[in-house]
Amino acid sequence: MSPREVFWRLGNKCTDLKDAYAIRHGKFPTVQDAIGSENGQSFTPQFRLSLHSPDEDRHNCSQFNWSWAEHLLTKANLILENKLTYFHLQEHDHGDPIQWNRDHGSDIAAPLDLSMKIDYRDVQEAGDCKLVWEPNRHQHLVVLGRAYRVSGQRKYAEAVQEHFESWLDQCPYGYGMNWRSPMELSIRLVNWVWALDLTLESGIFNGEFRDRILHSVYLHLHDVTRKYSKGSSANNHLIGEAAGVFIATSYFSQLKNVKEWQKQSYEILCREIELQTFADGCNKELALEYQFFVLQFFLICGIVGKWCGKDFPQRYWDNLEKQLLFIGRLQEGGGSPIFYGDADDGYVLNLGDSHTDPRPLLGIGALLFHNSQLKAWAPEYSETLYWLFGASGYERFKAIDTFSVNKRIFSHQFPDSGFYMLQSGNRDCDDHISVLFDCGPLGFGAIAAHGHADALSFTLKAFNEDILVDPGTYDYFTYPELRRYFKSTIAHNTIEVDGVDQSVVLGLFLWGKRAESECLSWQPEQNGGLVKGQQNGYMRLKDPVLHYRTLHLDGDNRILRITDEIICKSKHTLRLPFHFAPNCILEQIDSTRYHFSGLNGSGSICLDPRVSIEIYKGNLNPPLGWCSNGYHRKQPSPTLLARVEINGNIKLSTSIILNDPLS
């Protein structure tokens, strides 16, 4: 840490000590401090999020025959029974009333001590903090609010009130895990704003309940604005904190002090969108799901800014459009998104669509920027778009012309973030091939918290599905061995030397000496092309090792050639893994050739004759052959592991031949 950050953290400790005394003795802002006597009888939000009355929402769903309405009510009815779904928990009973201070995955009660005294990373003390915090983000309240809008049934609004009241009863200010993280407070604020606005016509937001909510909103703002993340923590957390403050202060504009807090959060958002984004549109944390996460914050704040008369500058919107174009290009090859770097299922609002689906974000961008390319990537008017833009947005969305958008997919370079894509084929067919090559830095800032040791790794999409994948993240706190595995070099499609990672792991979210990689050659072609990079992570070994990798995609013949060159002087053990998607089946042809088949197509992989090969699937000791598509969810996936002992320089060649897609 820098001296400045050390002083900031010491200052936070002093703030915690003062807060501990104040909270114990009830010396924190009262409800009158928050709303004042002049606002005691009425409270009107500055603007409305809901674009129609509940009657109009029901009419629109019927008129446009949107199928999502029925699915929404099914989900909301489960929430009425306090059955919530997140991570690996599916329709899990959370008690009646919901037990808010509990890790429901491990059934561990989180302590109700002063929040600053709780070690949230100690699973034995507090459970897995992610599993405690997730239901307390209150994203499910927005589901209930949406259900009230499309059904008009008051029971959904009453459930929102019941959940609010039980949370306020169980989570007094300053006590427990749910006051521990400023970002968690901010995400909760965003969802409170949406849940209350969606149910405002029901009349629940009045009297003592209204005052309790406004007081808690004020305490949330009071807490977050004094504890904004700085230094090595000023990553997605700072963006989320500022976003929650901006949205809440914009909506609850009659609360005291909110103008100053709104101005401060606005300035943070304007600054951080530039500081945390590469010029090519990639988020600097180099973790795609976190880019989705912060992009939601930025988009929602931008929309709220327009609604409340606090629009953001043009450079903010230009940055957002670049981020959306970056994400869209990564998805041209079909299949599911490749979430390189950490992924923990983080999202902001539940407006009906999967948080791992880029299309709702791209659709928002299509409307905001009237962008034909973004609409071509996301041609459907999703439920998310309805809740943000209404029926009028549907008409504007239909009017965006995509006929001029080229249906061929081309190779792209993102030189600032270090990603290179070799591609061939047509977007609307199953003939496309897409290879993403990682030739960039480990991660963002001093600790690179969410980066993985994946220099010169690559992923492969073909037949409109994933073939070679990044295995994901799986866990942060509960399973440290698996946390280390999923971010290790051997868990990615690159080369591991002598059983150690390219970059030095110092902790769950901390790296020491980092591998540096760079692109040495970029030669795109109409139907593929060539890219070459190098990484120096193993130059720290007693006998330094330099790794060069060249990828050549010959789209005409549907062949990907991988050439790995190792420069060294002495003996080393190389391991070269190929992580196939869980749906793929591997079958041996001979000693160096294997056939693979997916859902829509098949092919073969031919390795250098000097390597020995083993197949792993679902091994735990040591971990190998796993893929995680979400937090605390993993499934066995076939991993082909080539191994070779060397004594000096070597060049290894691998060819992947992709058959024509299945008809």
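Look a little higher up for the structure.
Residues numbered from 1 in each chain as written. Predicted model: local features only at pLDDT ≥ 70, side-chain atom pairs only at ≥ 80, totals over all residues. Heavy atoms only, no water.

Asker: Please explain the overall build of the chain as it appears in this structure.
Answerer: Of the regular secondary structure elements, the chain holds 18 helices and 27 strands. Taken over C-alpha atoms, the radius of gyration comes to 26 Å for the chain, in line with the 26 Å a tight globule of 663 residues would show. Across its three principal axes, the chain shows a C-alpha extent of roughly 80 × 55 × 45 Å. Of all 663 residues assigned to the chain, the portion counted as buried reaches 62%. (Helix = DSSP H or I, 4+ residues; strand = E, 2+ residues; numbered from the N terminus. Rg over C-alpha atoms; globule rule 2.2 N^0.38 Å. Buried < 20%, exposed > 50% of the residue type's maximum accessible area, 1.4 Å probe, protein only.)

Asker: Quick question: what am I supposed to make of the sheet that holds strand S8 (residues 458–462) here?
Answerer: Either a parallel or an antiparallel arrangement is found when strands of a sheet pair, and the pairing is made through backbone hydrogen bonds. Taken together, the five strands give an open sheet; going across it, the order is S5-S6-S7-S8-S9, and neighbouring strands pair in antiparallel fashion. A single partner strand is all that each edge strand has here, and the edge strands are strand S5 (412–414) and strand S9 (465–468). Adjacent strand axes in the sheet meet at a mean angle of 20 degrees when their direction is disregarded. In the sheet, S5 pairs with strand S6 (residues 419–424) via three bridges, with the strands oriented antiparallel. Looking at the pairing, His412 lines up with Met421 of S6. (Pairing = 2+ DSSP bridges. Axes fitted to C-alpha atoms, helices over the stretch in contact; angles between N-to-C directions.)

Asker: Whenever I open this one, unusual backbone geometry confuses me. Can you help?
Answerer: Excluding glycine, a negative phi dihedral is what most residues carry, and trans is how most peptide bonds are arranged. Here the residue pair Asp96 and Pro97 is connected by a cis peptide bond, since its omega of 0 degrees sits within 30 degrees of zero. Relative to the assigned elements, Pro97 resides in the loop between strand S2 (89–93) and strand S3 (102–103). That bond from Asn621 to Pro622 is cis: its omega, 0 degrees, falls within 30 degrees of zero. Locating Pro622 in the fold gives a position in the loop between strand S22 (619–620) and strand S23 (623–624). Residue Leu456 is not a glycine yet carries a positive backbone phi of 65 degrees. Take Leu456: it is sitting in the loop between strand S7 (433–438) and S8. Assessed through its relative accessible area of 0%, Leu456 is described here as buried. A positive phi angle, near 75 degrees, is found at Tyr474, a position not held by glycine.

Asker: I'm lost on the pairing of S8 in this one. Help?
Answerer: Every other side chain in a regular strand lies on the same face of the sheet, so the side chains alternate between the two faces. By the criterion of burial, S8 is predominantly enclosed, with five of the five residues buried. On S8, burial covers both faces: Phe458, Leu460 and Ala462 on one face and Thr459 and Lys461 on the other are all buried. Where S8 lies against S9, three bridges are found, and the strand directions are antiparallel. Pairing of Leu460 across the sheet is with Leu468, part of S9. Count of turn residues in the S8/S9 antiparallel hairpin: two residues, of which Phe463 carries a positive phi of about 60 degrees.

Asker: Can you walk me through helix H15 (residues 359–369) in this structure?
Answerer: Residues separated by three or four positions in an α-helix point in the same direction, a consequence of the helix having 3.6 residues per turn. Within H15, nine of the eleven residues are buried, which leaves the element mostly enclosed by the surrounding structure. Turning to H15, its buried residues number three or more, namely Pro360, Leu361, Leu362, Gly363, Ile364, Gly365, Ala366, Leu367 and Phe369. Buried-residue contacts for H15 involve helix H13 (288–307), helix H14 (314–330), helix H16 (372–377) and helix H17 (383–398). (Contact = heavy atoms within 4.5 Å.)

Asker: Would you mind showing me how to read the nonpolar core here?
Answerer: One recurring pattern in soluble globular proteins: nonpolar side chains tend to sit buried together. Grouped together as the largest cluster of nonpolar side chains are 151 residues, with contacts concentrated most on Trp194, Phe252, Leu255 and Leu269. Every residue in contact with Leu255, bar those within four places of it in the chain, is listed here: Ala34, Ile35, Phe43, Leu214, Val217, Tyr218 and Leu221. Of all hydrophobic cores here, the second largest spans 49 residues; its members include Leu468, Ile605, Ile650 and Ile656. (Core = buried A, V, L, I, M, F, W, Y, C linked by side-chain atoms within 4.5 Å.)

Asker: Quick question: what am I supposed to make of the packing of aromatic side chains here?
Answerer: Any aromatic ring pair is given by two values, namely how distant the centres are and how the planes are angled relative to each other. Taken as a whole and assessed by the stated rule, the structure comprises 46 aromatic pairs. Both rings, one in Phe312 and one in Tyr316, keep their centres 4.2 Å apart while their planes meet at 20 degrees; by these two values the pair is stacked. Residue class for Tyr316 comes out buried when judged on its relative accessible area of 1%. Both rings, one in Tyr474 and one in Tyr479, keep their centres 5.8 Å apart while their planes meet at 25 degrees; by these two values the pair is stacked. For Tyr474, a relative accessible area of 6% translates into the label buried. The ring centre of Trp317 lies 4.6 Å from the NZ or CZ of Lys306, which sits over that ring. It is Lys375 that lies over the ring of Phe397; its NZ or CZ is 5.0 Å from the centre. (Phe/Tyr/Trp six-rings, centres within 6.5 Å; stacked < 30°, edge-to-face > 60°. Lys NZ or Arg CZ within 6 Å of the ring centre and 35° of its normal.)

Asker: So what exactly am I meant to see when it comes to the pattern of salt bridges here?
Answerer: Side chains bearing opposite charge may pair, as long as their charged atoms lie close to each other. All chains considered together, the criterion is met by 32 salt bridges. Note that Asp590 is salt-bridged to Arg593, the shortest N-O span being 2.9 Å. What makes Asp590 partly exposed here is its relative accessible area of 29%. In this structure Arg593 comes out as partly exposed when scored by relative accessible area, which is 37%. Shared partners join several salt bridges into a network, and the residues in it are Arg48, Asp57, Arg149, Asp197 and Glu201. (Salt bridge = Lys/Arg side-chain N within 4 Å of Asp/Glu carboxyl O.)

Asker: Looking at this structure, how should I read the packing of helix H8 (residues 154–170) against helix H9 (residues 182–198)?
Answerer: When two helices pack together, their arrangement is given by the angle between their axes and by how far apart the axes lie. Where H8 contacts H9, the two axes come as close as 11 Å, and the packing angle between them is 145 degrees. Seen from above, H8 lies across H9 with left-handed handedness. Residue-level inspection shows Val160, Phe164 and Trp167 of H8 in contact with H9, the latter providing Arg188, Trp192, Ala195 and Leu196. Residues belonging to the contact of H8 with H9 are distributed by class as follows: six nonpolar, no polar and one charged. (Left-handed = near helix turned anticlockwise from the far one by under 90°. Nonpolar A, V, L, I, M, F, W, Y, C, P; charged D, E, K, R; others polar.)

Asker: How should the packing of helix H11 (residues 236–251) against helix H12 (residues 258–275) be read in this particular structure?
Answerer: Two elements in contact, H11 and H12, have axes separated by 8 Å at closest approach and are oriented at 140 degrees. The angle between H11 and H12 falls in the class oblique. The two elements H11 and H12 cross, and the hand of that crossing is left-handed. Along its contact with H11, which presents Leu238, Ile239, Ala242, Ala243, Val245, Phe246, Thr249 and Ser250, the element H12 presents Val258, Trp261, Gln262, Ser265, Tyr266, Ile268, Leu269, Arg271 and Glu272. (Parallel < 35°, antiparallel > 145°, perpendicular 65-115°, else oblique.)

Asker: Honestly, helix H4 (residues 68–80) in this entry has me stumped. Any pointers?
Answerer: The end-to-end C-alpha separation of H4 is 18 Å, in line with the 18 Å expected for 13 residues at 1.5 Å each. Turning to H4, its buried residues are Trp68, Ala69, Leu72, Ala76 and Ile79. Down the axis of H4, the buried set is contained in an arc of 95 degrees. They therefore lie on one face. As for H4, its buried residues are in contact with helix H3 (54–64), strand S1 (83–86), helix H7 (139–151), H8 and H17. In the segment just after H4, Asn82 is the residue with positive phi, at about 65 degrees. (Expected span 1.5 Å × (residues − 1). Arc of directions from axis to C-beta.)

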